[in-house]
Amino acid sequence: MTIESEIPILDLRRSSGVNLEEGSDGRKEMGNKVREAFETHGCFLIRCDEIPKELRAGLFGNIKSLFDLPEETKKKLYNPKPYRGYTSKSRVIPHSESFGIDNSPKADTTLEEFTNLMWPEGNPTFCEELRSMTSKARELSVLILKMLVESLGLPEQYKLDVEDLNNYNDTRVTRYQLPPDTKETEIALTLHTDKGTLALICENDVQGLQVLSKTGNYVDVKIPYDGFVVIVGDILKAWSNGRFQAAPHRVVTKGDKERLVFVLFSVPKQNMLIKGPSEFVDDDHPLRYRSFHYDEFVDYHYTTSTEESVLEKFAGI
Ligand SMILES: O=C(O)CCC(=O)C(=O)O
Ligand SMILES: [Fe+2]
């Protein structure tokens, strides 16, 4: 096991004097760090001002209450789309249960519909916590992608492109089972890459995420209490013609405290053709992927249930 400090920590806190205003030196410097981390590791950790302690404590307390609801209630969140809705002990995640809640940046009504479905009398506090966390994570993912475009020196028009790459959000909350008495550890989520553009993950105080480094070592990820881990998904890898790494990761549980996570996946706009800037392609970097649509890619992944090099198999040239 290598040391976790291999994964860079980027401090975005205004309270530590960081200025991320457009055009500022601070923003340029941060953009370069984001780019380097995506090129080298496919992920990084951030610390930010956006998650007050109370929000985090309240959110994870309510996520626990959510998973403690009766199974029949939880099953009410049904969604025919792959990996959405309520899933429990499925083929992909045998040792966890999870809610995939679709919500678009324009309207957060789905979060209210969700909490009303789980608690017919309503749960406005939890709804507000989910909404707040989702919108903070969304703003951060847009900022990260914009800083990336600036750091790459790409024309301004690509800022619209990254907005489309980050058009739709899937909020996911997951509870992992504890390892059985007979075992000390359990692989609760098998090694995979995320299929969307970016994932921002925050955890309760129970660790378990591991990223597979380029050198083939599993690196424990300790997500800062006031931040997220940001992971590049296959869509951003394809858009960058393979310049950014989609970090393979898994979850291993141990000990006697349950791991809970909140994840925000950013997903491309429906019908957006994933076709990266021509600036990424030259004689030394020939085009690696054909253009494609996100939904087709997710369907391919779901129906083939393949996890290894899925982007290469689906769209590789
Ligand atoms: O629990 C975690 O930290 C990782 C979750 C994850 O990788 C996923 O939901 O795709
Ligand atoms: Fe993941």
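How each quantity is defined
- Residues numbered from 1 in each chain as written.
- Chains lettered and ligands numbered in written order.
- Predicted model: local features only at pLDDT ≥ 70, side-chain atom pairs only at ≥ 80, totals over all residues.
- UniProt positions renumbered as here; feature names shortened; annotations may be inferred.
- Pairing = 2+ DSSP bridges.
- Helix = DSSP H or I, 4+ residues; strand = E, 2+ residues; numbered from the N terminus.
- Axes fitted to C-alpha atoms, helices over the stretch in contact; angles between N-to-C directions.
- Near = placed C-beta within 6 Å.
- Nonpolar A, V, L, I, M, F, W, Y, C, P; charged D, E, K, R; others polar.
- Core = buried A, V, L, I, M, F, W, Y, C linked by C-beta atoms within 7 Å.
- Buried ≥ 20, exposed ≤ 12 C-beta atoms within 10 Å, placed from the backbone.
- Contact = placed C-beta atoms within 7 Å.
- Parallel < 35°, antiparallel > 145°, perpendicular 65-115°, else oblique.

Per an unreviewed UniProt entry, the chain goes by 2-oxoglutarate-dependent dioxygenase DAO and derives from Cicer arietinum. On record in UniProt, under Function (unreviewed entry), the comment for the chain is "2-oxoglutarate-dependent dioxygenase essential for auxin catabolism and maintenance of auxin homeostasis in reproductive organs. Catalyzes the irreversible oxidation of indole-3-acetic acid (IAA) to the biologically inactive 2-oxoindole-3-acetic acid (OxIAA)."

With respect to topology, eight strands assemble into an open sheet ordered β1-β2-β10-β7-β12-β5-β4-β3, the strand pairing being mixed. Each edge of the open sheet is held by one strand with a lone partner, namely β1 (9–11) and β3 (85–88). Within this sheet the neighbouring strands show an average axis-to-axis angle of 20°, counted without direction. As judged from the eight bridges shared by strand β4 (residues 96–103) and strand β5 (residues 168–176), these two strands associate in the antiparallel manner.

Moving on: unusual backbone geometry. Of note, the phi angle at N271 is positive, near 70°, even though the residue is not glycine. Among the secondary structure elements, N271 is positioned in the loop between β12 (260–267) and β13 (273–274).

Let us now look at the site of ligand 1. In the vicinity of ligand 1, the contacting residues are R172, T174, L189, D194, I201, E203, L209, H249, V251, V261 and V263. Within the residue set of the shell around ligand 1, elements represented by two or more residues are β5, β7 (198–203), β11 (249–254) and β12. The residue inventory of the shell around ligand 1, partitioned by class, reads six nonpolar, two polar and three charged.

So, about the sheet that holds strand β9 (residues 218–220). Pairing is antiparallel across the open sheet formed by four strands, whose spatial order is β6-β11-β8-β9. Pairing within the sheet leaves two strands with one partner each, and these edge strands are β6 (185–192) and β9. Each adjacent strand pair in this sheet contributes to an overall mean axis angle of 25°, direction not counted. Bridge analysis of strand β8 (residues 209–212) against β9 gives three bridges, and the strand direction is antiparallel. Opposite L212, over in β9, you have Y218 as the bridge partner.

This brings us to the nonpolar core. Residues C43, I201 and V230 are the most contacted members of the largest nonpolar core, which totals 77 residues. Among the elements that line this core, the one with the most residues is helix α5 (residues 124–152), at eleven residues. Excluding its chain neighbours within four sequence positions, the residues that come into contact with C43 are I7, A37, V211, V229, V230, I231, V232 and A247.

Our next topic: the packing of helix α1 (residues 25–40) against α5. Direction vectors running N to C along α1 and α5 enclose 95°, while the axes themselves pass 8 Å from each other. What the angle tells us is that α1 and α5 run roughly perpendicular. From α1, R27, M30, G31, N32, V34, R35 and F38 reach across to α5, where they touch I144, M147, L148, E150, S151 and L152. Among the residues making up the contact of α1 with α5, the classes are represented as seven nonpolar, three polar and three charged.

A separate point is the environment of Y86. Position of Y86 among the secondary structure elements: in strand β3. The sequence separation of Y86 and G208 amounts to 122 residues, and the corresponding C-alpha distance is 22 Å. With residues near it in sequence (within four places) discarded, Y86 still touches K74, K75, L77 and F99.

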